[in-house]
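Single-letter residue listing:
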Amino acid sequence: MPLARSLSVTSLSGLEDWDEEFDLEDAVLFEVAWEVANKVGGIYTVIQTKARLTAEEWGENYFLVGPYVESNVRTQVELIEPTNPILKRTIDKMNASGCKVYFGRWLIEGSPYVVLIDVAFTAWSLDRWKSELWENFSIGVPWFDREANDAVLFGFLTAWLLGEYAAQCEEPPHILAHFHEWLAGLGLMLCRRRQLPVATIFTTHATLLGRYLCAGKVDFYNNLAEFNVDKEAGDRQIYHRYCLERSAARCAHVFTTVSQITAIEAEYLLKRKPDIITPNGLNVKKFSAMHEFQNLHAKSKNRIQEFIRGHFYGHLDFNLDKCVFLFIAGRYEFSNKGADIFLEALARLNYLLRVNHSDVTVVAFFIMPARTNNFNVETLKGQAVRKQLWDTAQTVKERFGKKLYESLLVGQLPDVSKMLDKEDFTMMKRAIFSTQRQCQPPICTHNMLEDSSDPILNCIRRIGLFNCSADRVKVIFHPEFLSSTSPLLPMDYEEFVRGCHLGVFPSYYEPWGYTPAECTVMGIPSISTNLSGFGCFMEEHIADPSAYGIYILDRRFRGVDESCNQLTSFLFQFCKQSRRQRIIQRNRTERLSDLLDWRYLGRYYISARHMALAKAFPDTYMYEAQDPTSSSGFRYPRPASVPPSPSLSRHSSPHHSDDEDERYDEDLEAEKDRVNIRQPFVAKTKAGDGVPSESD
């Protein structure tokens, strides 16, 4: 199946400036999602990071709608009285009718308004609304599916809110409602069924059935056209959820998804081709000087090295300065996230490093939350031993310094043989003896509740990577999200990523992929696949992705063994880079961060909203979709200086020397890239808000 070009992913310049500015003064935008001020998964990140740009565009007419979760509201939301008089009347009317609706500001960048609905407070209406759902849409929701029950309550309450808002308006309103994922989809369906004056957008970030099918280890992408979707959903007991998702996609004025690969999936599984692709972005913080993020990398790397010193005490027979840190992170989906192929590639990489007598040691971290009952005692002991050794060294250092100081005070050169006395040697010998270890360094940092059936641990047992001294590849499985308060590895996720050398995400199912995107904006190279939205996006916009530290693994047109060999080759070539080459590559990677800034990618959401308004209110709004084949886009060119790796990207450079003294002008190369990069897009906003537009 070729990747057909769509409106959005032809190029970043595929959406030209609109000839006419949309007058948003009389329009109001409601963005509806279960993850508004309620972190469950990646959609929370999308909404949170996009809020500032959307608030700049819509001002006081932008409202996020989500569920009221008291524990989240206490820490994330400032409850206030509604500032919009129509919305105030709407909320008061709903509260007087037996609902609990709250209004406030979400304490994130942009401080958007939020309308939070307490779904549990109206649970007494669940049976009645389920009956109405069956009568209107022939969708039955089983009593035992709590998540689907919440979706029914949330959907009816959202539709009630929008309908009441429309009723409270004195003039015909122009309401735009953007719904994310199936949990919010019922509200959209009810808006269309009740013929409310609402323009609707539905965005799926990952299809339900696609995720379930890929988890079942089927040949998903080669059989998309062959699946009996009703039977597959029924076999997995998610038919009612699938029907909600499919109906929302079919009912919406505008249907969007986050990547071209997911658009193909949606076309077959949800039976509608997306109107626009809306890639996910991030709020990119640009550093004033290139060396700043390099300094952050060095600082974070030192903290990881301290952890390694403790974890491998007694077996620290490798040079930490020639150590390469790899990591994979995300939900614990062993096959979907590519942990299986990563482990197999690590085993092959270990063989290559050993037979080539490489002095490089690879430490691979698996950051995937699983069921545990506590930290591993041996792991905690390692950090305690490291701290004890540090304290001993500091004590001896102070005693040595004091004797040296006193000797110099009396004008004599110190007698080195007398600087360390017997007590000092005894302390140091005891410290050395304490580092003796009778077992190998642990693989897992925690005690797993299901050790014997854990897929990562079982795969490690099969391939034999047990952190032996002879192994050049070491594995650390950290089955818990990182936290700066952890007694083991006290770093938050961002700090940890900055300290690593390479992120490895060989996912089989990844509709977008925030983890490699986060690596990119922090200047850390990553490996992605052509089955992930991020990988497809980068492959289309960069002439030579590997030269910029974005390695794209082919999992679409190659078998598992071939893909594994390709991943092994990527890792092996990366290990052969010199320190200087890695620094150059990080500089290049960080320059790609503009591609992922919401001020670029937010234009696709703007286009979707304009399209929906034009479809719902054709007398007021007009929108002419471009012919995507006629748009003239751009791609990042190949860099014009030294290659970032010994062989994979050598063709991207006119120089073929690996000499460490080869001239390299970072500022000059960055300027060459800027010539081929358009300035970040800034949404046009209402007059007087002080925010410039792209044309300024």
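Residues numbered from 1 in each chain as written. Predicted model: local features only at pLDDT ≥ 70, side-chain atom pairs only at ≥ 80, totals over all residues. Heavy atoms only, no water.

## A closer look at the environment of Leu465
Then, in step 1: Inspection of the secondary structure puts Leu465 in the loop between α16 (455-463) and β14 (473-478).
Then, in step 2: With relative accessibility at 2%, the residue Leu465 sits in the buried group.
Then, in step 3: Remark: the alpha-carbon pair of Leu465 and Asn350, spanning 115 residues in sequence, is separated by 8.6 Å.
Then, in step 4: In this structure, Leu465 is in contact with Leu346, Ala347, Asn350, Ile443, Ile460, Asp471, Val473 and Val475, ignoring residues within four places of it in sequence. (Helix = DSSP H or I, 4+ residues; strand = E, 2+ residues; numbered from the N terminus. Buried < 20%, exposed > 50% of the residue type's maximum accessible area, 1.4 Å probe, protein only. Contact = heavy atoms within 4.5 Å.)

## Quick notes on α16
Then, in step 1: Here α16 has its buried residues at Ile456, Leu457, Cys459, Ile460 and Ile463. Considered in projection along α16, the buried side chains sweep an arc of 160° and stay on one side of the axis.
Then, in step 2: On its buried face, α16 sits against α12 (339-355), β11 (361-367), β13 (446-448) and β14.
Then, in step 3: Near the N-terminus of α16, the side chain that reaches the backbone nitrogen of Ile456, with its oxygen 3.2 Å away, is that of Asp454.
Then, in step 4: Trailing α16 by a residue or two, Gly464 shows a phi angle of about 80°, which is positive. (Arc of directions from axis to C-beta. Polar contact = N/O pair within 3.5 Å; in protein donor to acceptor, adjacent residues only side chain to side chain.)

## Description of helix α9 (residues 239-251)
Then, in step 1: Taking 1.5 Å per residue, 13 residues should reach 18 Å; α9 reaches 18 Å between its end C-alpha atoms and fits that length.
Then, in step 2: Residues of α9 that are buried: His240, Arg241, Tyr242, Cys243, Leu244, Glu245, Ala248 and Ala249. (Expected span 1.5 Å × (residues − 1).)

## Considering the sheet that holds β14
Then, in step 1: Strand order in the open sheet made by the six strands is β14-β11-β10-β15-β16-β17, with parallel pairing throughout. Looking along the sheet, the strands with just one partner apiece sit at the ends: β14 and β17 (550-553). Across the sheet, the axes of successive neighbouring strands diverge by a mean angle of 25°, strand direction being ignored.
Then, in step 2: Note: strand β10 (residues 323-329) against strand β15 (residues 502-504), two bridges, orientation parallel. Bridging from a neighbouring strand, Leu326 pairs with Leu502 of β15.
Then, in step 3: Helix α19 (residues 533-541) rests against β16 (526-529) and β17 of the sheet, and its axis sits at about 100° to β16. (Pairing = 2+ DSSP bridges. Axes fitted to C-alpha atoms, helices over the stretch in contact; angles between N-to-C directions.)

## Considerations on a nonpolar patch on the surface
Then, in step 1: Nonpolar side chains collect at one region of the surface, where Tyr405, Leu409 and Val410 lie side by side and expose about 360 Å² of accessible area between them.
Then, in step 2: Along the polypeptide, Tyr405 turns up in helix α13 (residues 377-409).
Then, in step 3: Look at Tyr405 and you get exposed, because its relative accessible area is 54%. (Patch = residues over 30% accessible without salt bridge, like charges linked within 9 Å, V, L, I, M, F, W, Y side chains within 5 Å. Areas by Shrake-Rupley, 256 points an atom, 1.4 Å probe, with all protein chains shown as cover. Salt bridge = Lys/Arg side-chain N within 4 Å of Asp/Glu carboxyl O.)

## Concerning the pairing of strand β8 (residues 254-257)
Then, in step 1: Here β8 shows a buried face lined by Val254 and Thr256 and a second buried face lined by Phe255 and Thr257.
Then, in step 2: Bridge count between strand β7 (residues 198-204) and β8: four bridges; the pairing is parallel. In the sheet register, Ile201 faces β8, and the bridge partner there is Val254.
Then, in step 3: Note that β8 and strand β9 (residues 276-277) share two bridges and pair parallel. Paired with Thr257 across the strands is Ile277, a residue of β9.
Then, in step 4: Considered for its hand, the β-α-β crossover made up of β8, helix α10 (residues 260-269) and β9 is right-handed. (Right-handed = clockwise from strand over helix to strand, strands pointing away.)

## Side note on the environment of Leu531
Then, in step 1: Structurally, the position occupied by Leu531 is in the loop between β16 and α19.
Then, in step 2: For the pair Leu531 and Phe557, spaced 26 residues apart in sequence, the C-alpha to C-alpha distance is 9.8 Å.
Then, in step 3: Apart from residues no more than four positions distant in its own chain, Leu531 is found in contact with Tyr221, Ile261, Ser507, Tyr508, Glu510, Arg555 and Arg556.

## Re the sheet that holds strand β1 (residues 27-32)
Then, in step 1: Read across the sheet, nine strands follow the order β3-β4-β5-β2-β1-β6-β7-β8-β9 without closing on themselves; strand pairing throughout is mixed. The outermost strands of the open sheet, each flanked by one partner alone, are β3 (77-79) and β9.
Then, in step 2: Sheet analysis places β1 next to strand β2 (residues 62-67), joined by four bridges and oriented parallel. Directly across from Leu29, in β2, lies its bridge partner Tyr62.
Then, in step 3: Here α9 sits on the sheet and contacts β7 and β8; the angle it forms with β7, its principal contact strand, is near 130°.

## Quick word on the side chain of Glu518
Then, in step 1: In this fold, Glu518 is placed in helix α18 (residues 514-521).
Then, in step 2: Of the side chains with opposite charge, Lys39 comes closest to the buried, unpaired Glu518, at an N-O distance of 7.8 Å.
Then, in step 3: If we skip the residues at most four places from it in the chain, Glu518 touches Leu282 and Tyr493. (Lys, Arg positive; Asp, Glu negative; His and termini not counted.)

## A closer look at the packing of helix α4 (residues 126-137) against helix α5 (residues 146-168)
Pairs of packed helices are described in terms of their axes, by the angle between the two and the distance that separates them.
Then, in step 1: Look at α4 against α5: their axes get within 10 Å of each other, and the N-to-C directions meet at 80°. Taken together, α4 and α5 sit at an angle that is classed as roughly perpendicular. Across from Leu126, Trp129, Lys130, Glu132 and Leu133 in α4, the residues of α5 making contact are Asn149, Val152, Leu153, Phe156, Leu157 and Trp160.
Then, in step 2: Residues of the contact of α4 with α5, tallied by class, amount to eight nonpolar, one polar and two charged. (Parallel < 35°, antiparallel > 145°, perpendicular 65-115°, else oblique. Nonpolar A, V, L, I, M, F, W, Y, C, P; charged D, E, K, R; others polar.)

## Examining unusual backbone geometry
Then, in step 1: The backbone of Ala37 shows a phi angle near 55°, a positive value even though the residue is not glycine.
Then, in step 2: Assessed through its relative accessible area of 2%, Ala37 is described here as buried.
Then, in step 3: Phi is positive for Lys271, which is not a glycine, with a value near 65°.
Then, in step 4: Of note, Lys271 is situated in the loop between α10 and β9.
Then, in step 5: Judged by its relative accessible area of 38%, Lys271 is partly exposed.

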